[in-house]
Amino acid sequence: MKANDEKWLGVLRQMVSGHSTQAHSIWERLSEHQRGIILHAAGLKARHCRYSWGEFSNRELHQIKRGLQRLKCMVEMFKVLGPLAFQQEKKPSPSALRAARSVPTVPGTPAHELIQARQRLREHVTNRAH
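Residues numbered from 1 in each chain as written. Predicted model: local features only at pLDDT ≥ 70, side-chain atom pairs only at ≥ 80, totals over all residues. Heavy atoms only, no water.

Two side chains carrying opposite charge are able to pair once their charged atoms lie near each other. One pass over the structure, following the stated rule, counts three salt bridges. For arginine 35, the salt bridge goes to glutamate 28, with nearest N and O atoms at 3.7 Å. The exposure class of arginine 35 is buried, given its relative accessible area of 8%. Looking at glutamate 28, the relative accessible area reads 34%, which means it is partly exposed. The closest approach of N and O atoms between arginine 50 and glutamate 32, which form a salt bridge, is 3.4 Å. Residue arginine 50 is located in the loop between helix 3 (32–42) and helix 4 (58–79), and its partner glutamate 32 is located in helix 3; the two are separated by 18 residues in the primary sequence. By relative accessible area, arginine 50 is classed as exposed at 62%. (Salt bridge = Lys/Arg side-chain N within 4 Å of Asp/Glu carboxyl O. Buried < 20%, exposed > 50% of the residue type's maximum accessible area, 1.4 Å probe, protein only. Helix = DSSP H or I, 4+ residues; strand = E, 2+ residues; numbered from the N terminus.)

Put into structure tokens, the structure is as follows:
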């Protein structure tokens with residue numbers, strides 16, 4: 001049976017039986033954007049977001065069911081994460097970096113020696129460039 005025939009059989013079944021399912025009523029309440037997310041997870045084209053529930057073939061309904069299962073699994077993966085997982089690490093501003101570089105260090109400490117070595121290396125590189 002062709003996919004188009006299957007689709008129209010689904011439409012006719014809906015017209016004849018007249019019953020509405022819970023999934024049908026949920027689908028009809030969704031926005032096109034929400035439908036698009038489900039359709040993308042199901043591997044269906046975006047044009048289907050304007051379809052009413054009765055216009056889908058059994059194969060397409062099965063794909064939508066599988067897409068919803070995939071979405072549910074993905075939501076479950078993110079459920080265990082706390083709020084800090086959804087924040088970017090704040091980078092210091094250029095003025096804060098300059099201020100941190102200008103803080104004097106205690107001579108004789110490893111930090112002071114590293115800073116001095118870095119400054120000497122920069123001076124050396126700068127002198128070679130000229």
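Don't stop here, the text continues.
A few words now on a nonpolar patch on the surface. A cluster of nonpolar side chains, contributed by Met74, Met77, Phe78, Val80, Leu81 and Phe86, occupies part of the molecular surface with about 670 Å² of accessible area. Given a relative accessible area of 55%, phenylalanine 86 falls into the exposed group. (Patch = residues over 30% accessible without salt bridge, like charges linked within 9 Å, V, L, I, M, F, W, Y side chains within 5 Å. Areas by Shrake-Rupley, 256 points an atom, 1.4 Å probe, with all protein chains shown as cover.)

Core analysis: the biggest nonpolar cluster contains ten residues, these being Trp27, Ile38, Leu39, Ala42, Leu44, Cys49, Tyr51, Trp53, Phe56 and Ile64. Residue contacts for cysteine 49: discarding those within four places in its chain leaves Glu32, Arg35, Gly36 and Leu39. (Core = buried A, V, L, I, M, F, W, Y, C linked by side-chain atoms within 4.5 Å. Contact = heavy atoms within 4.5 Å.)

Any two packed helices are characterised by how steeply their axes cross, that is the angle between the axes, and by the distance between the axes. Put simply, helix 3 and helix 4 touch, their axes get as near as 7 Å, and they point 100 degrees apart. The orientation of helix 3 relative to helix 4 falls into the category roughly perpendicular. Residues Ile37, Ile38, Leu39, Ala41 and Ala42 of helix 3 touch helix 4, and the partners they reach there are Gln63, Ile64, Gly67, Leu68, Arg70 and Leu71. Of the residues contributing to the contact of helix 3 with helix 4, the split by class is eight nonpolar, two polar and one charged. (Axes fitted to C-alpha atoms, helices over the stretch in contact; angles between N-to-C directions. Parallel < 35°, antiparallel > 145°, perpendicular 65-115°, else oblique. Nonpolar A, V, L, I, M, F, W, Y, C, P; charged D, E, K, R; others polar.)

Time to look at the side chain of histidine 112. Tracing the backbone through its elements, the reader meets histidine 112 in helix 6 (residues 110–129). For histidine 112, a relative accessible area of 14% gives the class buried. Apart from the residues lying within four places of it in its own chain, the contact partners of histidine 112 are Thr105, Val106 and Pro107.

Here lysine 45 shows up in the loop between helix 3 and helix 4. Between the C-alpha atom of lysine 45 and that of leucine 71, which follows or precedes it by 26 residues, the distance is 17 Å.

This brings us to the environment of alanine 23. Mapped onto the secondary structure, alanine 23 falls in helix 2 (residues 22–29). C-alpha separation for the pair alanine 23 and alanine 96, spaced 73 residues apart in sequence, amounts to 55 Å.

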